[in-house]
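# Residue-level structure breakdown
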Amino acid sequence: MPETEVRLLPADDASWRLESYLREGGYKALRRVLTSMAPADVVTEVRRAGLRGRGGAGFPAGAKWGFVPQAAAGPRYLCVNADEGEPGTFKDRLVLWRSPHALVEGIGITAFAVGIPKAFIYVRGEYAHISERLETAIAEARTAGFLGPRILGSDFGLDVVVHPGAGAYICGEETALLESLEGRRGQPRLKPPFPAAVGLFRSPTVINNVETLASVPQILLHGADWFVGRGLPKDGGTRLFGISGAVRRPGVYELPVGTPLRAIIEDHAGGLPEGRRIKAVVPGGLSAPVLKPEELDLPMDVDSLAKAGSMLGSAGIVVIPDGTPMLDVLHVMARFYAHESCGKCTPCRIGTAWILKIVERLKRAGGGPADLDLIIALAGGIKGRTLCPFGDGAALPIQALVTKFRGELEEAVAR
Amino acid sequence: MSEPRRVRLTIDGRTVEADAGTNVLKASEAAGIDIPHFCYHPGLEIEGSCRMCLVEIEGLPKLELSCSTLVREGLVVRTSTERVRSARKDVLEFLLAEHPLDCPICDKAGECLLQDDYDRHGRYASRSIETRERREKKLPIGRRLILDRERCVLCSRCVRFLRQVTRTGELGVFERAVRSEVGLVEDRPVDNNYSGNLVDICPVGAITAEDFRFRTRAWFLTRKPTVCPHCGRGCAVFIESVSGYPLKRSDSRVYRVTARENPAVNGHWICDLGRDGRHDIDDGRTAGLAGKGRELPGWTWPAALARVGEAIRALPAPDRRARLAVVLNSRMTCEELALAKSLFVRGLGLDRIYFADAKPGAGDRLLLTPERVPNARGVLEAGFDPRLPGLHELAASKVALIFGTGLAAHFPEEALAEVLAEIPEKHIFSSHATPLDRLADTVIPTAVPAEKSGTYINVEGLRQTFAQALRPCPGVVTEGDILSGLADRLAIDAGRDDAR
Amino acid sequence: MTYAPSPAALRKIEDAIAPYPEPAAAVLPVLHILQGESGFISREAEDWVAAKLSVDPIRVREILSFYTMFRTVPGGKHTLRVCRNLSCHLAGADDILAFIGDRLGIASGGTTPDGLFSLVTAECLGNCDHAPCLQVDGIDHGPISRESVAALIEELKAHA
């Protein structure tokens, strides 16, 4: 098969079953790994491939796996973060729906690499319908011997369990996910200790995003160099860029890491409808600070977005067209964070609610520059002070929006 | 157990030594530097949610929690830079934006961490003009405790205490985001013997005790340390009393008993039995000097004691052993017991001393011991063989000296009355009134443990000396005073320690 | 009468609890199974779950109030979940939400008097390329319009 044809995501959802997956070369990587590689070698390969987490944080996957103490006895777990909830993001849904076996195979390889016998897939509650297909794929894999006690005749055994969430964005944060999986409210834990040392049920745990894991088979099949070649040296491979909003062809596009943002918007997603212009772009999910039209000449990779004062995050691009009142966008933002705050720590619990109250008042009764200053200041009181990254995820985009669209907002609230 | 390793770190420019494994907040406090906090409590697991204790740690870009950062050799900590001050102000401003202006009616005023912290670390002009969340303000949660959800700062100390210390878990946190609130399941209210600690540990006035609500102000209370006498544990407590302020006679002197930290005995907690013991201090006290059930105004206790001395002297020496019955109690201090030994055993030659105490009860896994007396070990160490008198033994006596109210716990009132009727001379020295008082020849009111000083030996053999925490009511004397007074009158050298 | 799930649900519940080292961890899957059967979690069900998983009842209460997908009072036969977040907002979610509310005569969070429909709002259902998004009984629909939603409602009413 030509290298360029290697795709994580099939074009439709007709080839998700084991039969199709096998025909396309599925589970060859797992076989290779189990028959001819040592776990440490797998970790090295993934590290060399520059695979960065595709959940939002962008942390190098190989490095994360290396944090699990090799000699630690006792249980170990792999948690798959399928709690996709970052607004503007819908790629993991498609992996689960169109290519669940890529995920299962990725889980298998990862579990082997870190010596983990049990994996839990935490699927957001709203994806219950989708996870039915995932369960089927898992059952298929078990029947075919790709999961279970002695996989492909090796000494390695793995059990995979699908665990439903129940409507809480915060459970996408890795330690909140662990809390939720253990049967408690999804409130993040203090770090240290880190999950690699003390995680699920107090055991060493690796937590990875769906797309991250689903990308692993490619690496082991075609090699780290190949993967790096598809993307960038420290940020290898292709990624699933989701794009929605005012574009002609919203959807998920599997493109090399480093693809220019403009190319995704204009070429792949077909640009905006006739006569419409870009007003703003959210580049990586709602928590990624908004970019103005003049800021869009960016390669879409973790480091470039960070340098531009935003983030690649979950690579969920939302194109906001001209004519959109930014006060309303601010409202959507403020409402989201106020609703999804877990409530554990002071700045986030009260700060997000306070900001929403101000925005609601501004919409209802107008206000002035001092109100906008206050929003920025309150976001500043949240930034860097919270127990988990949700705080920054709320503060930074709110500050960016209010700062970059200050003029329009001042006009909108002046009455 | 080996000594913990010591590390040296720098806090605000000063070199400080601390045990490895200590958190920066504790190490700072030990060095005299207070770091404000809400959720942190040394008796509970770290929570890290209030974000008030953030400090600068050199080498780290963000502010870090001092409650969860452990000391390390060479750590450099700054607790009052501009960044830290600003972070504290912000936390306070957030908390106060959702906090009711209840100070004028809140019992916690004067001992509220939010007030104290605003005073020391706030002092900003509030920027909040939005409407606060309105919540339930008077939710009974069990054990006569009231929860005010508007005041609650969600430090979760109460929830953690009930999960980690009592392991009864009656409280939880419901909802999320700003709607988060402490709550419980209706038919499972707080119901354990440590519920009173919830009021102590709540940093604000969210959890209050019905017993204490609206009765006084924290700054009117005088706080004195002593040892709880209601079981054998000997927990460290504070007696908090008001004497004369406001300038009216109040219904009680003692407003509350609170926990005092003692790592060797009770850690940070005391039990409700001990807390409720405050009623023991003020309620049902022996009214005054009496004889044969009548108040005897103008009679002083030395005169009454003289009469007791007469009665004893009137017994021929060979008869004393058989005819002088002495009943002591295990609330007496070691010093008082020594006096009793000198007086009755060495001085008067008695070979049997009786003890009548409150009956034992169920102990628990935390502090409460089955024995409900504070000095059972002291009694043994003094060489007594404590046993309850038989009714026939009492009836056979000619002079009975009864210290305390313990007999009533073991014998029915009518039986005791019958017995007392047969004893020619019976004298009662007790802190609390009983129906037998009307039958006694003399009744001298004695002090409760909070009103005296002395030493108790607790259930683990630990000697604890305590000072008087409360001035006795007029006319009340200690058992020690009575014993040495008797010794004087009988010209017996009792070698009394001055423990008054 | 003591509360008990149906035999079918009970079997699913036993299967759900089995893979966890601690039964308490199965609380979310178990609640989903019970809500799938009766549409909401009653007080009796709450207590049953607590006993089944060897946890204090308050822990179940905490879960029910923290996570948005559980109901503690009966809802409508059909749950209409409308996303209000960014992409759907840009595609007119506010208008759709108001339209549905008017059509059904209820506010968001409410249930129609005939017990047929509950209307709830959601934050990003992960279907942004089909904005505006609506989930009906867990099945995704989108992009929806006033017309398509009206037709959907009529169809559901017809099969009531």
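Procedures and definitions
Note that residues are indexed from 1 along each chain, following the sequence as it is written. Both sets of labels track the order of writing: A upward for chains, 1 upward for ligands. The predicted origin of the model limits local features to residues at a pLDDT of at least 70 and limits the giving and counting of side-chain atom pairs to 80 or more, whereas totals for whole chains, interfaces and linings rest on all residues. Any residue pair is listed as a contact if its two C-beta atoms, each placed from the backbone, are within 7 Å. Gly counts as polar in this scheme, as do all residues outside two lists: the nonpolar Ala, Val, Leu, Ile, Met, Phe, Trp, Tyr, Cys and Pro, and the charged Asp, Glu, Lys and Arg. Axis definition: a line fitted to C-alpha atoms, limited for helices to the stretch in contact. Angles are taken between N-to-C directions and run from 0 to 180 degrees. Think of it this way: any DSSP run of H or I at least four residues long counts as a helix, any run of E at least two long counts as a strand, and we number them from the N terminus. Should an angle fall under 35 degrees it is taken as roughly parallel, and over 145 as roughly antiparallel, whereas 65 to 115 is taken as roughly perpendicular and any remaining angle as oblique. Crossings are classed by handedness, with left-handed meaning an anticlockwise turn of the near helix from the far one by less than a right angle and right-handed meaning a clockwise turn. Here a residue counts as buried when 20 or more other C-beta atoms sit within 10 Å of its C-beta, as exposed when there are 12 or fewer, and as partly exposed otherwise, the C-beta atoms being derived from the backbone. By this definition, two strands are paired if DSSP reports at least two bridges between them. These domain boundaries are the output of an automatic or database domain assignment.

Bring the parts together and some accessible area is lost; that lost area is often taken as the interface size. The partner chain C presents 8 residues to the 9 residues of chain B that form the contact. Considered class by class, the residues forming the side of chain B that touches chain C number 4 nonpolar, 2 polar and 3 charged.

This brings us to the packing of helix H3 (residues 43-52) of chain C against helix H4 (residues 57-66) of chain C. Residues and elements named next belong to chain C. Here H3 crosses H4 at 120 degrees, and the two axes come no closer than 8 Å. Relative to H4, the element H3 is oriented oblique. Remark: the crossing between H3 and H4 carries right-handed chirality. The residues of H4 that touch H3, namely those facing Glu-46, Asp-47, Val-49 and Ala-50, are Pro-57, Arg-59, Val-60, Arg-61 and Leu-64. Taken together, the residues that form the contact of H3 with H4 break down as 5 nonpolar, no polar and 4 charged.

Once that is clear, we can look at the pairing of strand E12 (residues 236-241) of chain B. Residue and element names in this part refer to chain B. Of all 6 residues in E12, 5 are buried, a share of seventy percent or more. Sheet analysis places strand E11 (residues 222-227) next to E12, joined by 6 bridges and oriented antiparallel. Across the sheet, residue Thr-226 finds its bridge partner in E12, namely Val-237. The pairing of E12 with strand E13 (residues 254-259) spans 5 bridges and is antiparallel.

Right, let's talk about the domain arrangement of chain B for a bit. All names here are of chain B. Domains assigned within chain B are domain 1 (6-80), domain 2 (95-209) and domain 3 (290-489). Each of domain 1 and domain 2 has a C-alpha centre, and the two are 25 Å apart. On the domain 2 side, the residues contacting the 10 residues of domain 1 number 13 residues. In terms of residue class, the side of domain 1 that touches domain 2 is made up of 5 nonpolar, 3 polar and 2 charged.

Taken together, the contact pairs 44 residues of chain A with 35 residues of chain C. At the level of elements, helix H7 (128-143), strand E3 (159-164), strand E5 (238-245), strand E8 (316-321) and helix H14 (326-340) of chain A are the ones that each hand at least two residues to the side of chain A that touches chain C. With 6 residues, H14(A) is the single largest residue contributor to the side of chain A that touches chain C. Across the side of chain A that touches chain C, the residue classes break down as 20 nonpolar, 16 polar and 8 charged.

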